[in-house]
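# Analysis of the macromolecular model
The chain contents come next:
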Amino acid sequence: MPDPQGREAARVPVRLQQVLFFAGLLAIWWLLGALRIWPSYIFPTVGGVCSALAHGFGTSAFPMAIGGSLRRLAWGYGIALAGGTATGFLLARVNWFKDTFGLLVLGLQTLPSICWLPLAILWFGLSEKAIVFVVVMGAFLSIALATEDGIRNTPRVYIEAARNLGAGGLRLYTAVILPSAFPTMVTGMKLGWSFAWRSLMAGELLYAVPGLGYQLMMGRELNDMPAVVAVILLIICIGLVTDRVLFSLLQRAVRSRWGLSQASARGQG
Amino acid sequence: MSRVFRRPGREVTALAGLDMRVASGEFVCLVGPSGCGKTTVLHLLAGLDSPTGGSVTADGAPVTDPDPSRVLLFQEAALFPWLTVSANVEFGLKQKGVPRASRRARAESLLRTVHLSGFSHSWVHELSGGMKQRAALARALAVDPAVLLLDEPFGALDAITRDRLHAELQEIWMRQSMTVVFVTHNVREAAVLADRILVMSNRPGRVVSEHRVDLPRPRHMEDPGIIPLAKGVLDDLMPEASDA
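This is a predicted model, so every value here is computed, not measured.

Thresholds applied
Residues numbered from 1 in each chain as written. Chains lettered and ligands numbered in written order. Predicted model: local features only at pLDDT ≥ 70, side-chain atom pairs only at ≥ 80, totals over all residues. Heavy atoms only, no water. Helix = DSSP H or I, 4+ residues; strand = E, 2+ residues; numbered from the N terminus. Rg over C-alpha atoms; globule rule 2.2 N^0.38 Å. Buried < 20%, exposed > 50% of the residue type's maximum accessible area, 1.4 Å probe, protein only. Contact = heavy atoms within 4.5 Å. Areas by Shrake-Rupley, 256 points an atom, 1.4 Å probe, with all protein chains shown as cover. Lys, Arg positive; Asp, Glu negative; His and termini not counted. Charge placed at Lys NZ, Arg CZ, Asp CG, Glu CD. Buried area = accessible area lost by both parts, 1.4 Å probe. Salt bridge = Lys/Arg side-chain N within 4 Å of Asp/Glu carboxyl O. Polar contact = N/O pair within 3.5 Å; in protein donor to acceptor, adjacent residues only side chain to side chain. Nonpolar A, V, L, I, M, F, W, Y, C, P; charged D, E, K, R; others polar. pLDDT = per-residue confidence, 0-100. Phe/Tyr/Trp six-rings, centres within 6.5 Å; stacked < 30°, edge-to-face > 60°. Lys NZ or Arg CZ within 6 Å of the ring centre and 35° of its normal. Patch = residues over 30% accessible without salt bridge, like charges linked within 9 Å, V, L, I, M, F, W, Y side chains within 5 Å.

The subject of this paragraph is the overall build of chain B. Looking only at helices and strands, one finds seven helices and ten strands in chain B. A compact globule built from 244 residues should have a C-alpha radius of gyration of about 18 Å, and chain B, at 18 Å, falls within 12% of that. Counting only C-alpha atoms, chain B reaches 50 × 45 × 35 Å along its principal axes. Split into buried and exposed, the 244 residues of chain B put 55% on the buried side. Across chain B, contacts joining residues at least 24 apart in sequence account for 69% of those joining residues at least 6 apart. For chain B, the computed accessible surface area is about 10700 Å², with 51% contributed by carbon and sulfur atoms. For chain B, the distance from the average site of its 28 positive side-chain charges to the average site of its 28 negative ones is 5 Å.

Next up, the structure:
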């Protein structure tokens, strides 16, 4: 940081701009609502959305929906994390696996994960498992590919230095290769998380299980636009908290510890 | 011994008919033009690479695998960025199963030896180039190697830092009975540090001449005896370098 004071001075107007922008947006929304140009099932008012939020939380419909969605996400993401890391590991270390299964992975990567839903429903029936399967398929590949990439790019000199100092076998992986690959793996984990979240919402929209996607469809069926917008806001908030806060903090911690530049962290974020 | 690298479509003979012996406790410098296979020699001595012809032996036993008794210091310090400086120094001891408390104590004392006390909890990227090489030296010394192999460790450092590290390395070597093989392309650096200087030929590398250095230690880059000696080594080296 060459000139912290100069940066601080420049930052205040930026924050002010941001506050003014969102305040302006809210004011326009409020004004358009107040003018009653469109019916409320086309254009919801600010007050309508607020009372939909209050009602949703008051009747515990929203907490239950959030809980249901997050539970499926945790299951799906957890499975994808374990399976993806193991697969990435094999892709990096076993050449014939890379040459065969690696090709399949590249092919499958082009398939949007929601396309697995019909297959999942035929396999698992109309159950939680079908949606969890779609979430797994959403996150799995990016985690596997990032793990592979990170392990393959372990600098040779780290491995040589470690072997020279007496590390071998499993210790070489746990003490050197995995820590060296970790920053790349975190990037893949973050990407996988946002794929999982998108897949989950798509899956929940398509059939009825208690969750945020289902709340959205309910709003549509009842012509309840305020509820639809309220749920959209909730989905954005949860996405922001996990993606921007949880993963970005993890990424920043990793990068500052490994001594990687903040500029490239921002580029990847 | 010889070492041929086979890559798809081409074959590079890095070393051919290289024969060298290093006595226990001796400080040997290996000088040669760039690309002559100096680094390959160190990798072979460390057991990180195997010769395609001939053999490497240490105390009569063939060298086939890396071992903490022969530690290589890389051109780039190769410290692990996810560990603190102290944890880097402790790395080899941890592999041996040395308990934490004695690891800590040993790392502290070694960091003091290389003038890095106070940096044990720093991250690697917070160190300067010279400090990184000092930490790497401490990490290598931690496992008490019989042989220390150094691959142009001070090549990227400024002259003042390098001179200081020359003094420290000589001091450490004089105190411990360690065998050192030091690779450099700087003949004056070799004259300052070595008991014996081996000049290598252009690729495929082999030893073309040998110079004994009997000047009193500790030596310094500007010592009057160093300059004529370095000149003699350079005279052997120049015909090799001009072919490169």
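It is worth spelling out the interface of chain B and chain A at this point. Contact with chain B, which involves 25 residues of that partner, is made by 19 residues of chain A. Roughly 2000 Å² of surface becomes buried between chain B and chain A when both sides are summed, with 64% attributable to carbon and sulfur atoms. In terms of surface lost to chain A, no three residues of chain B exceed Trp82(B), Phe91(B) and Gln95(B), which account for 32% of the buried area on that side. Connecting chain B to chain A are zero salt bridges. Viewed at the interface, chain A and chain B are joined by eight residue pairs in polar contact (both at pLDDT 80 or more). Contributions of two or more residues to the side of chain B that touches chain A are made by helix H1 (38-46), strand S6 (70-73) and helix H2 (85-96) of chain B. Each residue belonging to the side of chain B that touches chain A can be placed in one class, and the counts come to 15 nonpolar, four polar and six charged.

Attention now moves to the confidence of the model for chain B. Fine structural detail should not be taken from predicted coordinates in areas where pLDDT scores are low. All names here are of chain B. Mean pLDDT over chain B works out to 88, with 95% of the residues at or above the 70 mark. Taking the mean pLDDT of every element in chain B, the minimum, 64, falls on strand S1 (residues 3-7) and the maximum, 94, on H2. For this predicted complex, the interface confidence score (ipTM) comes to 0.87, while the overall pTM stands at 0.80.

Our focus in this paragraph is the packing of aromatic side chains. Under the definition given, this model contains 21 aromatic pairs over all chains. For the ring pair Phe124(A) and Phe133(A), a centre distance of 5.6 Å and an interplane angle of 50° mean the geometry is tilted. Exposure remark for Phe124(A): the relative accessible area of 35% places this residue in the partly exposed category. Judged by centre distance (5.5 Å) and plane angle (75°), the ring pair of Phe27(B) and Trp173(B) falls under edge-to-face. With Phe27(B) in strand S3 (residues 27-31) and Trp173(B) in helix H5 (residues 159-175), this pair connects stretches of sequence that are 146 residues apart. What makes Phe27(B) buried here is its relative accessible area of 0%. Aromatic rings pair up to connect Trp116(A), Trp123(A), Phe124(A) and Phe133(A) into one cluster. Cation over ring: Arg139(B) sits above Phe80(B), and NZ or CZ is 4.8 Å from the ring centre.

Okay, unusual backbone geometry next. Residue and element names in this part refer to chain B. Of the consecutive residues Arg217 and Pro218, the connecting peptide bond is found in the cis state with omega at -5°. Structurally, Pro218 is set in the loop between strand S10 (207-212) and helix H7 (226-243). Unusually for a residue other than glycine, Asp59 sits at a positive phi of about 55°. Residue position: Asp59 is located in the loop between strand S4 (57-58) and strand S5 (61-62). Residue classification places Asp59 among the exposed positions, given a relative accessible area of 84%. Backbone geometry places Glu152, a non-glycine residue, at a positive phi of 40°. Along the chain, the position of Glu152 falls in the loop between strand S7 (147-151) and H5.

All right, on to a nonpolar patch on the surface then. A cluster of nonpolar side chains, Trp30(A), Leu31(A), Leu35(A), Ile37(A), Trp38(A), Tyr41(A) and Ile42(A), forms an exposed patch at the surface whose accessible area comes to about 780 Å². On the basis of relative accessible area, Trp38(A) is assigned to the partly exposed category, the value being 40%.

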